[in-house]
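What follows is each chain in one-letter form.
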Amino acid sequence: MWQDANRIEVIVISVNQETPLVKKFTLAREDGEALPGFSSGSHITTYINGLERNYSLTNYQDQGNCYEIAIRLNDCSAGGSSYWHQHVKAGYKLKISYPKNHFPLSFKAKHHVFYAAGIGITPFLSMMAELKDALGSFELHFAAKSKEMCAFYGLIKEKYRDQSHFYFSEEIDSERLGVSSLLEHRIGTHVYFCGPELFISDFTDAAMQYGYPRSSIHHERFTPPLPKEKKPFLAELTNGKSVHVSMEKTLLEALLEEGIKIPYSCKVGCCGTCELKVEEGEIAHFDSFLSEEQKNKHNVILACVSRAKSEKLVLVL
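Residues numbered from 1 in each chain as written. Predicted model: local features only at pLDDT ≥ 70, side-chain atom pairs only at ≥ 80, totals over all residues. Heavy atoms only, no water.

Caption draft 1: Representation of the sheet that holds strand 10 (residues 189-194) in the model. Here five strands make up an open sheet; going across it, the order is 9-8-7-10-11 and the pairing parallel. If you trace the sheet from one side to the other, it starts and ends with strand 9 (164-168) and strand 11 (217-220), each paired once. Looking at each pair of strands side by side, their axes are set apart by 15 degrees on average, direction ignored. Pairing analysis gives six bridges linking strand 7 (residues 111-117) to strand 8 (residues 138-144), with the strands arranged parallel. Each residue of the ladder has a partner; that of Phe-114, found in strand 8, is Leu-140. (Pairing = 2+ DSSP bridges. Helix = DSSP H or I, 4+ residues; strand = E, 2+ residues; numbered from the N terminus. Axes fitted to C-alpha atoms, helices over the stretch in contact; angles between N-to-C directions.)

Listed below in structure tokens is the structure:
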């Protein structure tokens, strides 16, 4: 049944061990009714064990009335992936969000190139399925430790053999994936990056240096970039309130805890939903949404990831 306007109640109908560290979970409505449709590259937020976590939908919407997500067991799990791996079995009930897409395929691309590292393969599974159905032009470059640790290796080899290139860091005879491969793509190519933060930043920086237009570079993060230096600051609001933002909290978290309701979605600086106007103060931008020109003006901030460089920000609220 529908729990409220923003959450859907679902049940886990199957769990599959994809690699020693990755499990695939298939979710459906318990009453058998249809789940909301979604576009390739979409993700859902799961609400489980008191935590919110975002996961890409790995299936294509035309592949059945269910949602599939894949979760890697994180060595430093704070209760998210470890709970899923240890406690979630078939029959488990939970709540999820509607599908959201901050990582869509570009309709302007003449050729799509997907770069994945580890569990970063997940959004590309639905994208490749859509492009194959539409006879679109694409290729995949996928880095993992080994075939055994490469999630969905068999599926990818079966369905996308001619478009896929694998790079295994722990296998002696395997080629290594490097940013120089970006130089091999023809004009009109759009590149997509998903994986660990360092992987995304290295490939994004290289693409920019090689002359790719910013509009041709796409990436997805489910964890925000970590600022090298964080300091507390004061957020003064034009409605008369003041909010202290500690080193441990984001501006968004601090505002929400004070009962100040502002819209938000991705929480990783990609979608722009939590953008706020800044009347005074200097901003340390950590988002991937605003242009360099917008950032240099210091008059807007994405509250989910960006902070103050100055001791105080004055926000228009």
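What follows picks up the thread again.
Caption draft 2: Geometry of the environment of Gly-188. Along the chain, the position of Gly-188 falls in the loop between strand 9 and strand 10. When near neighbours in sequence (up to four residues on either side) are disregarded, Gly-188 contacts Ala-109, Lys-110 and His-111. (Contact = heavy atoms within 4.5 Å.)

Caption draft 3: Expanded view of the nonpolar core. Counting residues in each nonpolar core, the largest one holds 28 residues, and the members touching the most others are Phe-114, Ile-121, Phe-124, Leu-140, Phe-142 and Ile-156. Residue assignment for this core shows that the elements contributing at least two residues are strand 7, helix 2 (122-133), strand 8, helix 3 (153-159), strand 9 and strand 10. Considering each element in turn, this core owes the most residues, six residues, to helix 2. When neighbours within four sequence positions are excluded, Phe-142 is seen to be in contact with Ala-116, Ala-117, Gly-118, Ile-121, Cys-150, Ala-151, Ile-156, His-165, Phe-166 and Tyr-167. Residues Phe-233, Val-243, Ala-254 and Leu-302 belong to the second largest nonpolar core, which totals 23 residues. (Core = buried A, V, L, I, M, F, W, Y, C linked by side-chain atoms within 4.5 Å. Buried < 20%, exposed > 50% of the residue type's maximum accessible area, 1.4 Å probe, protein only.)

Caption draft 4: Structural context of the pairing of strand 9. Within strand 9, four of the five residues are buried, which leaves it mostly tucked inside the rest of the structure. Strand direction decides the pairing type here: strand 8 and strand 9, joined by five bridges, are parallel. Each bridged residue has a counterpart across the sheet, and for Ala-144 the counterpart in strand 9 is Phe-168.

Caption draft 5: Quick peek at helix 4 (residues 197-209). Under the 1.5 Å per step criterion, the end-to-end length of helix 4 is 18 Å for 13 residues, consistent within 8% with the ideal 18 Å. Turning to helix 4, its buried residues are Phe-199, Ile-200, Ser-201, Phe-203, Thr-204, Ala-206 and Ala-207. Trailing helix 4 by a residue or two, Gly-211 shows a phi angle of about 95 degrees, which is positive. (Expected span 1.5 Å × (residues − 1).)

Caption draft 6: View of the packing of aromatic side chains. Scanning the entire structure with this criterion turns up 18 aromatic pairs. Geometrically, the ring pair formed by Phe-138 and Tyr-160 is edge-to-face, given 5.9 Å between the ring centres and 75 degrees between the ring planes. You can see Phe-138 sitting in strand 8 and its partner Tyr-160 sitting in the loop between helix 3 and strand 9, a full 22 residues away along the chain. Both residues of the pair, Phe-138 and Tyr-160, count as buried. Plain terms: the ring middles of Phe-193 and Phe-203 are 5.6 Å apart, the flat faces sit at 50 degrees to each other, and that makes the pair tilted. Taken together, the positions of Phe-193 in strand 10 and Phe-203 in helix 4 put the pair 10 residues apart, joining distant regions of the chain. For Phe-193, a relative accessible area of 0% corresponds to the buried category. Ring-pair connections join several aromatic residues into one group, and the members of that group are Phe-103, Phe-114, Phe-124, Phe-138, Tyr-160 and Tyr-192. Against the face of Tyr-47 rests Arg-7, its NZ or CZ located 3.7 Å from the ring centre. (Phe/Tyr/Trp six-rings, centres within 6.5 Å; stacked < 30°, edge-to-face > 60°. Lys NZ or Arg CZ within 6 Å of the ring centre and 35° of its normal.)

Caption draft 7: Looking closely at the state of the cysteines. Counted according to the given criterion, the structure contains zero disulfides. The thiol sulfur of Cys-150 is not disulfide-bonded, and the nearest other cysteine sulfur, from Cys-194, lies at 14 Å. (Disulfide = S-S within 2.5 Å.)

Caption draft 8: Structural view of the sheet that holds strand 5 (residues 67-72). One open sheet holds the six strands; their spatial order is 4-3-6-1-2-5, and the pairing between them is antiparallel. Of all the strands in the sheet, the pair left with one neighbour each is strand 4 (51-56) and strand 5. Adjacent strand axes in the sheet meet at a mean angle of 40 degrees, parallel and antiparallel pairs treated alike. Of the strand pairs in this sheet, strand 1 (residues 7-19) and strand 6 (residues 93-97) are connected by five bridges, and their pairing is antiparallel. Each bridged residue has a counterpart across the sheet, and for Ile-11 the counterpart in strand 6 is Lys-93.

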